[in-house]
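The residues making up each chain are set out below.
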Amino acid sequence: AQKITQTQPGMFVQEKEAVTLDCTYDTSDPSYGLFWYKQPSSGEMIFLIYQGSYDQQNATEGRYSLNFQKARKSANLVISASQLGDSAMYFCAMRRMIYNQGGKLIFGQGTELSVKP
Amino acid sequence: GAVVSQHPSWVICKSGTSVKIECRSLDFQATTMFWYRQFPKQSLMLMATSNEGSKATYEQGVEKDKFLINHASLTLSTLTVTSAHPEDSSFYICSATQGVTPYEQYFGPGTRLTVT
């Protein structure tokens with residue numbers, strides 16, 4: 001069975017500083033994908049970044065980077081130069097890959113990030 | 001980019017009535033659609049997976065007869081909450097994939113259901 005764990009219910013960060021949101025996972029599948037989503041108060045799910053289990057390098061997308069440590073089964077999200085608009089819920093998610101296509105997404109509990117001015 | 005819409009964006013209904021929520025992929029054909037449920041300050045819980053033309057696969061603990069899912073075409077899936085009760089009040093989100101890339105999962109904006 002797959003499981004995603006986010007142990008930080010809430011985080012605070014000062015504007016312009018970097019912040020790391022933790023995510024650990026458990027799976028017996030050799031091929032899987034890891035995702036981070038942002039959910040502002042409006043409720044929409046915004047895709048941030050993706051890491052495949054066989055990707056050699058850590059994924060980066062603008063101010064977002066994913067610190068992928070496969071042996072430790074962790075996929076932490078790093079947000080650099082935090083902005084007030086980064087205040088939101090952040091979800092880590094995982095899916096099994098079958099023939100290079102994705103199945104259902106399983107989500108972690110989420111971390112509520114608050115950026116202070 | 002790929003866009004998924006949901007209708008309505010919010011709905012209020014009386015206890016005992018049924019309500020239908022539509023999920024549409026606007027500019028792509030969705031081979032698979034997913035329905036999630038989210039309570040305030042909680043995570044998204046997968047309710048069911050639906051493939052066009054076949055019966056939905058429900059997650060353990062989800063009542064099939066209460067949450068009817070129909071995926072009649074490659075661009076439309078519907079979720080019907082039958083005989084709704086106040087405990088069914090929640091945020092319902094659909095997502096869709098077209099099975100092209102490993103990382104795609106396009107989410108709709110969600111539907112907020114309130115049962116009075």
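Note that the structure is a prediction, hence the values are computed from the model and not measured. (Residues numbered from 1 in each chain as written. Chains lettered and ligands numbered in written order. Predicted model: local features only at pLDDT ≥ 70, side-chain atom pairs only at ≥ 80, totals over all residues. Heavy atoms only, no water.)

**Student:** Outline the overall build of chain B, supporting the account with residue identities and numerical values.
**Tutor:** Of the regular secondary structure elements, chain B holds zero helices and 11 strands. Written out in order from the N terminus, the α and β elements of chain B read β-β-β-β-β-β-β-β-β-β-β. Against the globule reference of 13 Å for 116 residues, chain B gives a C-alpha radius of gyration of 13 Å, in line with a compact fold. Dimensions of chain B along its principal axes, counting C-alpha atoms only, are 40 × 25 × 20 Å. (Helix = DSSP H or I, 4+ residues; strand = E, 2+ residues; numbered from the N terminus. Rg over C-alpha atoms; globule rule 2.2 N^0.38 Å.)

**Student:** Please set out the pairing of strand β4 (residues 32-38) of chain B residue by residue, giving values where relevant.
**Tutor:** Residues and elements named next belong to chain B. Most of β4 sits inside the fold, with seven of its seven residues counted as buried. Of the two faces of β4, both are covered, the one formed by Thr 32, Phe 34, Tyr 36 and Gln 38 as well as the one formed by Met 33, Trp 35 and Arg 37. One ladder, built from seven bridges, connects β4 with strand β5 (residues 44-51); its direction is antiparallel. Considered in β5, the bridge of Met 33 is made with Ser 50. Connecting the antiparallel pair β4 and β5 is a turn made up of five residues, with Lys 41 showing a positive phi of about 60 degrees. Here β4 pairs with strand β9 (residues 90-97) via seven bridges, running antiparallel. What sits directly across from Phe 34, in β9, is Ser 95. (Buried < 20%, exposed > 50% of the residue type's maximum accessible area, 1.4 Å probe, protein only. Pairing = 2+ DSSP bridges.)

**Student:** Quick rundown of the interface of chain B and chain A? Include the residues and the values.
**Tutor:** Facing 20 residues of chain B, the contacting portion of chain A comprises 21 residues. Summed over both partners, the interface of chain B with chain A comes to about 1,600 Å²; 55% of that surface belongs to carbon and sulfur atoms. Put simply, chain B and chain A have two salt bridges between them. Here Lys104(A) and Glu59(B) are joined by a salt bridge, their closest N and O atoms 3.0 Å apart. Here chain B is connected to chain A by six residue pairs in polar contact (both at pLDDT 80 or more). Sorting the residues of the side of chain B that touches chain A by element identifies β4, β5 and β9 of chain B as the ones contributing at least two each. Counted by class, the side of chain B that touches chain A contains 10 nonpolar, seven polar and three charged residues. (Contact = heavy atoms within 4.5 Å. Buried area = accessible area lost by both parts, 1.4 Å probe. Salt bridge = Lys/Arg side-chain N within 4 Å of Asp/Glu carboxyl O. Polar contact = N/O pair within 3.5 Å; in protein donor to acceptor, adjacent residues only side chain to side chain. Nonpolar A, V, L, I, M, F, W, Y, C, P; charged D, E, K, R; others polar.)

**Student:** Outline unusual backbone geometry, listing residues and values.
**Tutor:** Cis geometry is adopted by the peptide bond preceding Pro8(B), which originates at His7(B) and carries an omega value of 0 degrees. Despite not being glycine, Lys73(A) has its phi angle at roughly 55 degrees, a positive value. With respect to the element layout, Lys73(A) can be found in the loop between β8 (64-69) and β9 (74-79). The backbone of Ala81(A) sits at a positive phi, close to 45 degrees, despite the residue not being glycine. Mapped onto the fold, Ala81(A) is located in the loop between β9 and β10 (88-98).

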